[in-house]
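Architecture at a glance
Each chain is listed here by its residues.
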Amino acid sequence: MTAAAAAPPPRRLRQGTVVSYGFGAVAYGVKDTGFGAFLLFFYNQVMGLPQTTVSFVIMAALLIDAFADPAIGFLSDRTRSRWGRRHPWMYGSALPIMIGYVIVWSPPAGATPTQLLVWLFVFAVLVRTAVSTYEVPSVALAPELTSDYDERTRILAWRYLWGWAGAIATLLVAWLYFFRPAPGFPDGALNPAGYQGLAVACALMMGVAILVSALATHREIPNLPRPTAGGAPAGVGHGFRELRQTLNNRGFAVLMLAGLCTYTNQGVITALGVYAGTHIWGFTPGDYVLQALGFILSASTAFLIAPRLGKRRSKPAVAATVVVIGASLITLPYWLRFAGLMPPLGDPLLPKLAIAISLCGTAFNITGFIMGASMMADVVEESETRTGRRDEGVFFAGAFFMQKCTSGVGIFLAGLILAAAGFPERAVPGQVAADVLDRLALIHAASYLGVACLASFIFSRFPFGRAEHEARLRALGAGRVEA
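The structure reproduced in this document is the subject of the present report. (Residues numbered from 1 in each chain as written. Predicted model: local features only at pLDDT ≥ 70, side-chain atom pairs only at ≥ 80, totals over all residues. Heavy atoms only, no water.)

In terms of helices and strands, the chain carries 18 helices and zero strands. Its C-alpha atoms give the chain a radius of gyration of 22 Å, within 12% of the compact-globule value 23 Å for 483 residues. Burial status across the chain gives 59% buried among its 483 residues. Taking all contacts inside the chain whose residues are at least 6 apart in sequence as the whole, residues at least 24 apart take part in 87%. Of the roughly 17900 Å² that the chain leaves accessible, carbon and sulfur atoms contribute 69%. (Helix = DSSP H or I, 4+ residues; strand = E, 2+ residues; numbered from the N terminus. Rg over C-alpha atoms; globule rule 2.2 N^0.38 Å. Buried < 20%, exposed > 50% of the residue type's maximum accessible area, 1.4 Å probe, protein only. Contact = heavy atoms within 4.5 Å. Areas by Shrake-Rupley, 256 points an atom, 1.4 Å probe, with all protein chains shown as cover.)

Where helix α14 (residues 349–387) meets helix α18 (residues 466–476), the axes come as close as 10 Å, and the angle between the chain directions of the two elements is 50°. Between α14 and α18, the angle falls in the class oblique. Regarding α14 and α18, the two cross each other, and that crossing is left-handed. Between α14, through Asp378, Glu381, Glu382, Glu384 and Thr385, and α18, the contact on the second element is made entirely by His469, Arg472, Leu473 and Leu476. Its residues assigned to classes, the contact of α14 with α18 comprises two nonpolar, two polar and five charged. (Axes fitted to C-alpha atoms, helices over the stretch in contact; angles between N-to-C directions. Parallel < 35°, antiparallel > 145°, perpendicular 65-115°, else oblique. Left-handed = near helix turned anticlockwise from the far one by under 90°. Nonpolar A, V, L, I, M, F, W, Y, C, P; charged D, E, K, R; others polar.)

Among all positions of α18, only His469, Arg472 and Leu473 are buried. Looking straight down α18, one finds that the buried residues subtend no more than 100° of arc, so they occupy a single side. Exposed residues lying more than 90 degrees from the buried face of α18 are Ala467, Arg474 and Ala475. At its buried positions, α18 is contacted by α7 (149–178) and α14. (Arc of directions from axis to C-beta.)

Right, let's get into the side chain of Thr278. Tracing the backbone shows Thr278 in helix α11 (residues 273–279). You can call Thr278 buried: its relative accessible area is 17%. Engagement of the side chain of Thr278 in a polar contact is seen with the backbone oxygen of Val274, the distance being 2.9 Å. Excluding residues that lie within four positions of it along the chain, Thr278 makes contacts with Phe283, Tyr288 and Pro429. (Polar contact = N/O pair within 3.5 Å; in protein donor to acceptor, adjacent residues only side chain to side chain.)

For helix α10 (residues 250–271), built from 22 residues, the straight-helix expectation of 32 Å at 1.5 Å per residue is met to within 8% by its first-to-last C-alpha distance of 31 Å. Burial of α10 is extensive: 16 of the 22 residues sit out of reach of the surface. (Expected span 1.5 Å × (residues − 1).)

So, about the pattern of salt bridges. One pass over the structure, following the stated rule, counts 18 salt bridges. Arg14 is the salt-bridge partner of Glu220, the closest N and O atoms lying 3.3 Å from each other. Linking Glu220 in the loop between α8 (192–216) and α9 (236–247) with Arg14 in the segment before α1 (15–23), this pair joins segments that are 206 residues apart in sequence. Using a relative accessible area of 3% as the deciding quantity, one classes Glu220 as buried. A salt bridge links Asp77 to Arg86; the nearest nitrogen and oxygen atoms lie 2.9 Å apart. Here Asp77 falls in the buried class, since its relative accessible area comes to 2%. In this structure, a network of salt bridges that share partners links the residues Asp77, Arg85, Arg86 and Glu144. (Salt bridge = Lys/Arg side-chain N within 4 Å of Asp/Glu carboxyl O.)

Residues Ile64, Val118, Phe121 and Val122 make up a contiguous nonpolar surface patch of about 300 Å² in total accessible area. Here the nonpolar patch takes three residues from helix α5 (residues 113–139), the largest share from any one element. Residue placement: Ile64 occurs in helix α3 (residues 51–77). A relative accessible area of 34% places Ile64 in the partly exposed class. (Patch = residues over 30% accessible without salt bridge, like charges linked within 9 Å, V, L, I, M, F, W, Y side chains within 5 Å.)

Here we take up the packing of aromatic side chains. By the definition in use, this model includes 29 aromatic pairs. Between Trp175 and Phe179 the ring centres are 5.3 Å apart and the planes differ by 80°, which places this aromatic pair in the edge-to-face class. Here Trp175 matches Phe179 in class, with each residue buried. Ring geometry for Trp175 against Tyr288: centres 4.1 Å apart, planes inclined by 5°, an arrangement best described as stacked. Of this pair, Trp175 sits in helix α7 while Tyr288 sits in helix α12 (residues 285–312), placing them 113 residues apart in sequence. (Phe/Tyr/Trp six-rings, centres within 6.5 Å; stacked < 30°, edge-to-face > 60°.)

What follows concerns the environment of Gly273. If you trace the backbone, Gly273 turns up in helix α11. Sequence spacing of Gly273 and Gly36 is 237 residues, and the spatial spacing of their C-alpha atoms is 9.3 Å.

The quantities given are spatial measurements derived from coordinates; they are silent on function.
This is the structure:
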């Protein structure tokens, strides 16, 4: 059994440390928004490939992560260096992420459909794996920085706030600059050149975020738990036994299943956002900008309320409640549309009303994500009491894999929904049949709400709360440090 250092003290961190640590999530917010909002649209509507085929290839690329993410987490947990366990991985990830991200949006001119699909698969795998080498070790720092039950929620709230800031920045840059109408492209989102410019801008944002966060948290390395040097596994078989022992954890299983539901839902709604916005709600480029700005309010609201709710109620109860409220609000515009209570298509009030209602739901959804991540941090000590190891990297690799379902399983399901609705390739706004739009709205809203209810039930089965966590800290000998 691998020996582990004592759990970190339940301290309150300096504000600058919390903010700079969370800033690294900008990288994932940028990557995930690009993949989630535009990758299916680009290869389907711009490059002309069938939506079901594109969405399947994107999901197939995700399957590689089922092996890569736990391996990276496992190796990160067992890395021994003067820079600790996490920072060597964080520093080394920046350049591969930047290069891979630009390439995936720059398929060769004149490529056949098969060549385009191979290009998409290979470089989507490259980008996802490179992002894993940063995000898994980075987010694994959260339970290492402090073991305080509420401080972890504060830390991860900042991380989600910065992640959404990266997402919002991507949307704003896309719609305000790269997707502006151009000669031959009155709809700028159909201009291939815009995606290449956007990819370069996103790559730069990701590289800066990664390096700033890694450098700013470098001084915390001496304060992080350091497993003893004798903890390296004796061989491959021993390593797999340790990994299996670590993952045999009820709390982890609950969060993985709930995360699969919530992040898949997020992936579906993100991938269908441009389709629904343009064809069902009549969004203009200005409406997409307004929506992106509105996400700032949603993320800020979640950032403020998540730590407060976590102090007043148990994290599982909060998560189970907010995911249902969020889904109900996000799908409400569709139900109002079927009831004839929304303005008609073409009315300038329609997109504003749809945006306002869905932004309220988004705030609740982000709150649920924060709670789920905070519960995952608490699983670390629960596992340590059974295994004697601190396996932050392994647990958060699982959590990160669930997040990447946003641009994998979610996109695949979005492709199936489009196919079931009979949505055409290269669709022209205002020329898609009304029955097609009705089917798209109904299938999307009903499936989204159903999956959210399942996630709520799973969250309610999380096996422990504050009292059990604090009892474990006392058993592990983590002394309290004043802020």
